[in-house]
Amino acid sequence: MGCQICKDTDPHEIELDGNDQPQQKKLKSAKKPRALKSSPPKTFIPSKHVSTVQAGFTIDSIAQISSDSFAVGLSNGVIAVYSISSSAATQQYTLSGHTGTVKALIKLKDGRLCSGGGDSSMKIWRLYERRLDVDITPHTNWVNALLQPKDSDIVITGSSDNTIKVIDLLNSNQVSHTFNVEKNVDCLCDLGENKFASNSGDGIVIWDLNTKTKLHEFEGAFSTVVSMVYLESGQLITGAVNGNIKIYDINTKQRVATLKDSGKLGMIAMVSKNVLAVTIGNGIKL
């Protein structure tokens, strides 16, 4: 819809005098209507590249800690914490304890860092003391995904052992419930209102934490789903290894769109209201 300027034409316009007082100024009549000046559309320009992190091992997970620091999980079981300056990202310290790759990382609302690894364990770290705080092994296979729902005191873990565990942080970090799926779990996503989504191999499952039940299961993507992002509009965007990106409406329980790419998809994320970032192979597509 175009923008309507001055629906009722006023023969006068307001201008300010030297004392910032409004005065009436008579407009001269013109044979041709005045052309409206339009500003060129603003173009998104990425910030200047400042540093390349050389971790020495494959980076399998990443989590933001603060506005100027982040942590990465490495294939050798180490978590490396970096600070960001105007010119470089510098490694500050490392956390060691996993005996397998650190597959998942999230920052908890209390400021601690939670990690999941190929050693089937979930660990929680106190960053300021740089020490391990909680060490449990809730699964029998890789811990691939972690989630702390908003305003909750639980951590949800997803594993290659085809289970999802709910860890109660206020009750000695015990497993309070187990959801069973048919295939491996690689990603989790908070949907709000005590609901969350997980993959089950190539399928998508919606869960209710209150009733501990499965609410709905969407059709598969014919390839393992490895990433999800949820929009406030009620749409769940999922990405699969084969490059298929599917968009589902949680309210109507319908698939609303499918985007395809021939590359190997890694992660997806919303970088602005209508822009989706997708990692394909070694690159990023917007």
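Small disclaimer: the values here were computed from a predicted structure and weren't measured.

## Topic: the nonpolar core
Note on soluble globular proteins: their nonpolar side chains tend to be buried together.
1) Next: Ranked by size, the top nonpolar core spans 14 residues in total, and within it Ile156, Ile164, Phe179, Leu188, Phe196, Trp207 and Leu209 carry the most contacts.
2) Next: For this core, the elements supplying multiple residues, two or more each, are β11 (143–147), β12 (154–159), β13 (163–168) and β17 (203–208).
3) Next: Sequence-distant contacts of Ile164, that is, excluding residues within four places in its chain, are made with Ile156, Thr157, His177, Thr178, Phe179, Val181, Val185, Leu188, Phe196, Ser198 and Trp207.

## A short note on unusual backbone geometry
1) Next: A positive phi angle is found at Glu193, which is not glycine, with a value near 55°.
2) Next: Along the chain, the position of Glu193 falls in the loop between β15 (188–192) and β16 (195–200).
3) Next: Overall, Glu193 belongs to the exposed group, its relative accessible area being 70%.
4) Next: Even without glycine at this site, Lys212 takes up a positive phi of about 60°.
5) Next: Take Lys212: it is sitting in the loop between β17 and β18 (213–218).
6) Next: According to the relative accessible area criterion, Lys212 is partly exposed, its value standing at 35%.

## Considerations on the pattern of salt bridges
1) Next: Throughout the structure, instances matching the rule amount to 8 salt bridges.
2) Next: Put simply, Asp133 and Arg112 hold a salt bridge, and the shortest N to O gap is 2.6 Å. One end of the pair, Asp133, is in strand β10 (residues 131–136); the other, Arg112, is in the loop between β7 (102–107) and β8 (113–117), with 21 residues separating them in the sequence.
3) Next: The exposure class assigned to Asp133 is partly exposed, which follows from its relative accessible area of 28%.
4) Next: Accessibility expressed as a relative area gives 12% for Arg112, which makes it buried.
5) Next: Here Asp135 ties to Lys123 by a salt bridge, and the two come within 2.7 Å at their closest N and O atoms. Taken together, the residues span a long stretch of sequence, with Asp135 in strand β10 and Lys123 in strand β9 (residues 122–126) at a distance of 12 residues.
6) Next: Residue Lys123 is classed as buried on the basis of its relative accessible area of 4%.
7) Next: Salt bridges linked by common partners bring Asp110, Arg112, Arg126, Arg131 and Asp133 together as one network.

## Focus on the sheet that holds strand β20 (residues 235–240)
Hydrogen bonds between backbone groups are what pair the strands of a sheet, and the pairing can be parallel or antiparallel.
1) Next: If you walk across this open sheet you meet the 4 strands as β19-β20-β21-β22, and the pairing is antiparallel. Only two strands of the sheet have a single partner each, and these edge strands are β19 (225–230) and β22 (254–259). If you compare each strand with its neighbour and ignore which way they point, the axes differ by 20° on average.
2) Next: By the bridge criterion, 5 bridges tie strand β21 (residues 245–249) to β22 in an arrangement that is antiparallel.

## What to know about the sheet that holds strand β4 (residues 69–74)
1) Next: If you walk across this open sheet you meet the 4 strands as β3-β4-β5-β6, and the pairing is antiparallel. The open sheet has two edge strands with one neighbour each: β3 (59–66) and β6 (89–96). Strand-to-strand twist in this sheet, taken as the mean axis angle between neighbours without regard to direction, amounts to 25°.
2) Next: In this structure, strand β5 (residues 78–84) lies alongside β6, joined through 7 bridges in antiparallel fashion. Within β6, the residue paired with Val81 across the bridge is Tyr93.

## Some thoughts on the side chain of Asn173
1) Next: For Asn173, the location among the structural elements is in the loop between β13 and β14 (174–180).
2) Next: The buried category is assigned to Asn173, whose relative accessible area is 17%.

## Here we look at the confidence of the model for the protein
1) Next: A residue-level look at the protein finds 71% of positions with pLDDT of 70 or above and a mean pLDDT of 81.
2) Next: Under a pLDDT of 50 for its full length, residues 1–30 has, in the predicted model, 21 contacts with residues more than four places off or in other chains.

## Details of the packing of aromatic side chains
1) Next: Here the structure, examined in full by the defined rule, presents 5 aromatic pairs.
2) Next: Look at Phe70 and Tyr82: their rings are 5.4 Å apart centre to centre, the planes differ by 10°, and that puts the pair in the stacked class. With Phe70 in strand β4 and Tyr82 in strand β5, this pair connects stretches of sequence that are 12 residues apart. Tyr82 shares its class with Phe70; the two are buried.

The rules we used
Residues numbered from 1 in each chain as written. Predicted model: local features only at pLDDT ≥ 70, side-chain atom pairs only at ≥ 80, totals over all residues. Heavy atoms only, no water. Core = buried A, V, L, I, M, F, W, Y, C linked by side-chain atoms within 4.5 Å. Buried < 20%, exposed > 50% of the residue type's maximum accessible area, 1.4 Å probe, protein only. Helix = DSSP H or I, 4+ residues; strand = E, 2+ residues; numbered from the N terminus. Contact = heavy atoms within 4.5 Å. Salt bridge = Lys/Arg side-chain N within 4 Å of Asp/Glu carboxyl O. Pairing = 2+ DSSP bridges. Axes fitted to C-alpha atoms, helices over the stretch in contact; angles between N-to-C directions. pLDDT = per-residue confidence, 0-100. Phe/Tyr/Trp six-rings, centres within 6.5 Å; stacked < 30°, edge-to-face > 60°.

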